[in-house]
Amino acid sequence: MSKASRPKSRDLIMDAMESILNQNSFEAATVDAVIERSGVARGTFYYNFPSKNAVIHALARRAAQPMILTARDRLSNKAPLSEILTDIARGIADWNQQHPKLGRAVLSSIYDDRGVPVSPDPNNPGSFRSFLAEVFHESQQRGEIRQDIPAMNLSLMFIGMIYQGLFGWFMRPEAVDLTVWAQQSASLFLEGVKL
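So, a few notes on the structure that sits alongside this text. Computed from a predicted structure; not experimentally measured. (Residues numbered from 1 in each chain as written. Predicted model: local features only at pLDDT ≥ 70, side-chain atom pairs only at ≥ 80, totals over all residues. Heavy atoms only, no water.)

## Here's the deal with the overall build of the protein
The following threshold applies: Helix and strand assignments come from DSSP, with helices taken as H or I runs of at least 4 residues and strands as E runs of at least 2, each series counted from the N terminus. Burial classes follow relative accessibility: with a 1.4 Å probe on protein chains only, a residue under 20% of its type's maximum area counts as buried, one over 50% as exposed, and anything between as partly exposed. Where accessible areas are quoted, they stem from the Shrake-Rupley method and a 1.4 Å probe; at the residue level, only the protein chains shown are allowed to cover.
A tally of regular secondary structure across the protein gives nine helices and zero strands. Helices and strands in the protein line up, N terminus first, as α-α-α-α-α-α-α-α-α. Here the protein holds 195 residues, and 38% of them are scored as buried. Looking at the protein as shown, the accessible area adds up to about 10700 Å², and 54% of this sits on carbon and sulfur atoms.

## Here's the deal with the packing of helix α5 (residues 81-98) against helix α9 (residues 178-193)
Counted only if it meets this: For helices, the axis comes from a line fit to the C-alpha atoms of the stretch in contact; other axes are also lines fit to C-alpha atoms, and the angle between any two N-to-C directions lies between 0 and 180 degrees. Each angle gets one of four labels, with under 35 degrees taken as roughly parallel, over 145 as roughly antiparallel, 65 to 115 as roughly perpendicular, and the rest as oblique. Should the near helix be turned anticlockwise from the far one by less than a right angle, the crossing is left-handed, and should it be turned clockwise, the crossing is right-handed. Contact definition: two residues touch when any of their heavy atoms are within 4.5 Å.
Packing of α5 against α9 leaves a shortest axis separation of 8 Å and a crossing angle of 155°. With respect to each other, α5 and α9 are oriented roughly antiparallel. As α5 runs across α9, the sense of the crossing is right-handed. When α5 is examined against α9, the residues L81, S82, L85, T86, A89, R90, A93, D94, N96 and Q97 are found in contact with a partner set consisting of L178, T179, A182, Q183, A186, F189 and L190.

## Some thoughts on the side chain of S155
Relative to the helices and strands, S155 resides in helix α8 (residues 151-171). In this view, S155 contacts R129, L132, A133 and F136; residues no more than four positions away in its chain are not counted.

## Remarks on the pattern of salt bridges
The condition is simple: Criterion for a salt bridge: a side-chain nitrogen of Lys or Arg within 4 Å of a carboxyl oxygen of Asp or Glu.
Per the counting criterion, the structure on display carries 12 salt bridges. The residue R62 makes a salt bridge to D15 at a minimum N-O spacing of 3.1 Å. You can see R62 sitting in helix α4 (residues 52-76) and its partner D15 sitting in helix α1 (residues 9-23), a full 47 residues away along the chain. Since its relative accessible area comes to 32%, R62 is described here as partly exposed. Ionic contacts of the salt-bridge type, sharing partners, join the residues R74, E83, D87 and R90 into one network.

## Let's talk about the nonpolar core
Note the following rule: What is meant by a nonpolar core is a set of buried Ala, Val, Leu, Ile, Met, Phe, Trp, Tyr and Cys residues, joined one to another through side-chain atoms within 4.5 Å.
The biggest cluster of nonpolar side chains holds 37 residues, and the ones touching the most others in it are L85, I88, F128, F131, L132, F136 and F158. Residue assignment for this core shows that the elements contributing at least two residues are α4, α5, α7 (128-141), α8 and α9. Sort the elements by how many residues they give to this core and α8 lands first, with nine residues. For F158, the contacting residues outside a window of four places in its chain are L85, I88, A89, L132, F136, A186 and F189. Counting 23 residues, the second-largest nonpolar core is a separate cluster that includes I13, I35, V55 and L59.

## A look at helix α2 (residues 31-38)
Formally: The directions considered for the arc are those from the helix axis to the C-beta atoms.
Three or more residues of α2 are buried, namely V31, V34, I35 and S38. Buried residues of α2, viewed axially, fall in a sector of 100°; they line one side. At the exit of α2 stands G39, carrying a positive phi of roughly 80°.

## Observations concerning unusual backbone geometry
Its identity is not glycine, yet K78 carries a phi of approximately 65°, on the positive side. Looking at K78, the relative accessible area reads 54%, which means it is exposed.

## A closer look at the packing of α8 against α9
Think of two packed helices as two axes; the pair is described by the angle between the axes and how far apart they sit. Put simply, the rule is: When residue character is reported, Ala, Val, Leu, Ile, Met, Phe, Trp, Tyr, Cys and Pro are called nonpolar, Asp, Glu, Lys and Arg charged, and the others, Gly included, polar.
Axis separation between α8 and α9 bottoms out at 10 Å; the angle between their running directions is 155°. Looking at the two axes, α8 sits roughly antiparallel to α9. Handedness of the crossing formed by α8 with α9: right-handed. Residues L154, M157, F158, M161, I162, Q164, G165, L166 and W169 of α8 pack against L178, W181, A182, S185, A186, L188, F189 and V193 of α9. Among the residues forming the contact of α8 with α9, the class breakdown is 14 nonpolar, three polar and no charged.

Structure follows, in structure tokens:
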């Protein structure tokens, strides 16, 4: 197999992690399990990712790419923020319903081994938070929403509302209609940031 046709080790690691998470639990997706399934060396794993949570975050970013591309396209075509946020919220709900084990792992990965939330890097341009901040900044520039709250703060608030619904749904799926929660969260959020 030529170098050009060989999958990159980063992709092998991510694919192995996704496979393990879809078949097992967050706890079963250890670095050792990923190394064994992917066939990469331990050093190669750590060259590409500092931790198992970093792989999970990369999987979440990869899964979010189609939604991000659609939202960016709609934003450039001057679609209203209400439509863009509703689509994003619905997309998050749909993805988690289609991939519940991976979705649960993404939520679990926001905590360290002691159960303490891991601080996000708000300056990471590849993060979903940064993408949402872009959307909010553009909407502020267009005069759609208030400008007295930094766009990154708006991003964190919106994500917090969506995460609350996801936590409830993962705890008791029969008690929470995730799609309705997502739509209501987008609507309530927009009410709070209107001019």
